Amino acid sequence: GALPDASATRPRQGTGWMRKIMDRLVTGDAEIKEIDMLEELSYQIEGHTICALGDAAAWPVQGLIRAFRPEIELRIMKRQQGKL
């Protein structure tokens, strides 16, 4: 049988971390700095495995942040102010 791909560890762990941060962003329970953490994590995962998991997980997150960062920040600020 094929040996497990050691390069799969980073994307497999990273996608779990990205999911946890994304869940907090959705509810507004994150901190603003977590947006940058999430983006950096997505770049660390991207292109680091022979399967498509890393890229498939990273690209939508990068696009979301690029397109909707102001809305994400607003949601976090509203939550911190008790308005969400």
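Visitor: Outline the environment of L64, supporting the account with residue identities and numerical values.
Guide: With respect to the element layout, L64 can be found in helix α3 (residues 53–80). Distance in space between the C-alpha atoms of L64 and E39 is 9.6 Å, their sequence separation being 25 residues. In contact with L64, other than residues within four places in its own chain, are M22, R69 and I72.

Visitor: A description of the confidence of the model for the protein chain should follow, citing residues and the corresponding values.
Guide: As a note on interpretation, predicted positions should not be read in detail where pLDDT is low. With 88% of its residues at a pLDDT of at least 70, the protein chain reaches an overall mean of 87. Confidence scores differ between elements of the protein chain, with helix α1 (residues 9–27) showing the lowest mean pLDDT of 87 and α3 the highest of 94.

Visitor: Summarise the side chain of S42; cite the residues concerned and give the values.
Guide: Along the chain, S42 turns up in helix α2 (residues 33–45). Assessed through its relative accessible area of 0%, S42 is described here as buried.

Visitor: Lay out α2 with the relevant residues and their values.
Guide: Between its first and last C-alpha, α2 extends 19 Å over 13 residues, near the 18 Å set by a 1.5 Å rise per residue. Among all positions in α2, only E34, I35, L38, L41, S42 and I45 are buried. Around the axis of α2, the buried residues are gathered within 125° of arc, so they sit on the same side. Positive phi appears at G47, one or two residues downstream of α2, with a value of about 75°.

Visitor: Before we move on, could you go through the pattern of salt bridges and cite the residues and values that matter?
Guide: What the rule picks out here adds up to six salt bridges. Linking R79 and D29 is a salt bridge whose minimum nitrogen-to-oxygen distance equals 2.8 Å. Residue R79 is located in helix α3, and its partner D29 is located in the loop between α1 and α2; the two are separated by 50 residues in the primary sequence. In this structure, the salt-bridge partner of K33 is E31, at a minimum N-O distance of 3.8 Å. Connected via shared salt-bridge partners are D36, R69 and E73.

Visitor: Could you give me a rundown of α3, with the residues and numbers involved?
Guide: Look at α3: only 33 Å from first C-alpha to last across 28 residues, short of the 40 Å you get at 1.5 Å a residue. In α3, a bend of some 85° at F68 exceeds every other bend along the element, and P70, a proline, comes one to four places later. Of all the residues in α3, the buried ones are G54, A57, A58, V61, Q62, I65, I72 and I76.

Visitor: With reference to specific residues and values, describe the nonpolar core.
Guide: The biggest cluster of nonpolar side chains holds 13 residues, and the ones touching the most others in it are M18, L25, I35, L38 and I76. Elements supplying a minimum of two residues to this core: α1, α2 and α3. Top contributing element to this core by residue count: α3, with five residues. Excluding residues within four positions of it along the chain, M18 makes contact with L38, L41, S42, I45, A57, A58 and V61.

What counts, and at which threshold
- Residues numbered from 1 in each chain as written.
- Predicted model: local features only at pLDDT ≥ 70, side-chain atom pairs only at ≥ 80, totals over all residues.
- Heavy atoms only, no water.
- Helix = DSSP H or I, 4+ residues; strand = E, 2+ residues; numbered from the N terminus.
- Contact = heavy atoms within 4.5 Å.
- pLDDT = per-residue confidence, 0-100.
- Buried < 20%, exposed > 50% of the residue type's maximum accessible area, 1.4 Å probe, protein only.
- Expected span 1.5 Å × (residues − 1).
- Arc of directions from axis to C-beta.
- Salt bridge = Lys/Arg side-chain N within 4 Å of Asp/Glu carboxyl O.
- Bend = angle between axes of the 7 residues up to and from the residue.
- Core = buried A, V, L, I, M, F, W, Y, C linked by side-chain atoms within 4.5 Å.

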